[in-house]
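A closer look at the structure
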Amino acid sequence: MIIKSIVLKTASRCNLNCSYCYIYNKGDLSYQKQPKFLSKKLATKLLERVLSHMISNDLNTFVIVFHGGEPMLYGLQYYEFFINEYKRIFAHNPEKRIEFSMQTNGTLLTEENVTILTDLGIKIGVSMDSTKESNDNNRVYHNHRSSYDEILSGLKIVSRITGSSGILSVIDVAYSPEKSYDHIKQTQVQFMDLLLPDETYDSIKEYDIRGKLGEWLCEMFDLWFHDKETKPNIRFFHAMIQVILGMGVGFDPFGKNYGDTIVVESNGDIQTNDGLRSCKNGITITNLNILFNELAEIKDNPLGNLYINNHFSLPYICSKCPLESVCSGGYLVNRYSSKNGFDNESVFCKDMIKFISHVQNTLVKLLNDDLGLEPMDSKEIIEYVDKLKNERIPKPELMSF
Ligand code: SF4
């Protein structure tokens, strides 16, 4: 498995204070020790590391996502410097290319800065909840004011200047799929991804959405799948169809894929998937830094290694589950408990069974018997998985976190 992308924390602070944010509001405090911005010296070192990583692994393309915190807190001059450094460092290796994008909360986007970022070759993705009400509740400034109007304005600017736009939305089951889908259609985005809530067995007790999540996903899927008009490409649904049809390997929340993305913090530390911060304070901290270590050394870190292999390194119940090849344990964060570490099926196991069965049954109806897909009975699968819990065999290598 080769690392193919970096989520780069150019800024470690944010002008918003979103309720579900895994960096500031899920118990991890490691951001407090991070410098506010990634220095120019570290940016240069990072680009050198990426080039040597690409050469050693015979990679011609690599992805860097500018991320935070809020990456737009850093002035545009920094991104101009970064892209110029990239051109300088990669000048003798024209066959090697980095694709740049930025994931922003959208509030600081203007005609001018979107034009400059686009001219620099940086694609822009906006984080936005799927309804106005959910944004008003969750995506707020530090004074609790909603950021909805500014996000929408930023999204429209991106769409107008680049001719395309995409959003990343944390699923909020408090608002109906109808309302969410209507709102998404109104925004006219071309791309969307749904993020599973970063809940663990420890945190789910505070706001238990088990059961509701599966129903929400099924209803949302139906609205999207049966929509005959122009509709956004929703990665969560598209990838699930591909996995069920054997035409894709999925991504973080399901499927048989390796985690090939690492995080580089604003002090240069190399870490693993930062959603895992929701599990325990400090869990993602490593002793690796781009000043001294190669990117691939993340494989030597126990959590980094688990993240890379999480869809293959499964707890007993998942390894015996009839949906093992599709769900593959679900999203790693959702497997965590302070009691068993990651040696649990997903806290949303039943929701995943319901959703996967629903998508498969929809495809069976559509394709008849053409691809040999069998209808699924989610109740039977849930009963089967429940019985497996009685014969659970602990896996110590998944528990020591
Ligand atoms: S047991 Fe649950 S979490 Fe594990 S693979 Fe099956 S459906 Fe997914």
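For the structure given in this document, a descriptive report is provided here. Every chain is numbered independently, its residues counted from 1 as its sequence is written. Totals for whole chains, interfaces and linings use all residues, but because this is a predicted model, local features are given only for residues with pLDDT of at least 70 and pairs of side-chain atoms are given and counted only at 80 or more. Hydrogens and water are ignored here; the side-chain numbers use all heavy atoms of the structure.

What follows deals with the site of the ligand. As a matter of local geometry, the ligand sits amid Ile-317, Cys-318, Cys-321, Cys-327, Ser-328, Gly-329, Glu-345, Ser-346, Cys-349 and Ile-353. Those elements that place two or more of their residues in the shell around the ligand are α10 (316-320) and α11 (349-367). In the shell around the ligand, the residues fall into six nonpolar, three polar and one charged. Nearness is defined per residue: one heavy atom within 4 Å of the molecule or strand is enough. The numbering of helices and of strands both runs from the N terminus, where a helix is a DSSP run of H or I of at least 4 residues and a strand a run of E of at least 2. Here the nonpolar group is Ala, Val, Leu, Ile, Met, Phe, Trp, Tyr, Cys and Pro; Asp, Glu, Lys and Arg are the charged ones; every other residue, Gly included, is treated as polar.

Strands are labelled as partners when DSSP assigns at least two bridges between them. Pairing within the open sheet is mixed, and its nine strands lie in the order β7-β6-β5-β4-β3-β2-β1-β8-β9. Of all strands in the sheet, those bounded by a partner on one side alone are β7 (233-234) and β9 (270-271). Summarising the sheet, strand β5 (residues 166-170) and strand β6 (residues 191-195) pair through five bridges and their orientation is parallel. Considered in β6, the bridge of Leu-168 is made with Asp-193.

Inspection of the secondary structure assignment puts Ser-146 in the loop between α4 (132-138) and α5 (148-162). Of the polar contacts made by the side chain of Ser-146, one reaches the side chain of Asp-136; its length is 2.5 Å. Any pair of nitrogen or oxygen atoms within 3.5 Å is treated as a polar contact; in protein, a donor-acceptor pairing is required on top of that, and neighbouring residues in sequence qualify only through side-chain atoms on both sides. A polar side-chain atom of Ser-146 sits 3.1 Å from the main-chain amide nitrogen of Tyr-148. Throughout, a contact is declared for two residues whenever any of their heavy atoms are within 4.5 Å. Once you skip the residues sitting within four places of it in the chain, Ser-146 turns out to touch Asn-135, Asp-136, Arg-139, Val-140 and Tyr-141.

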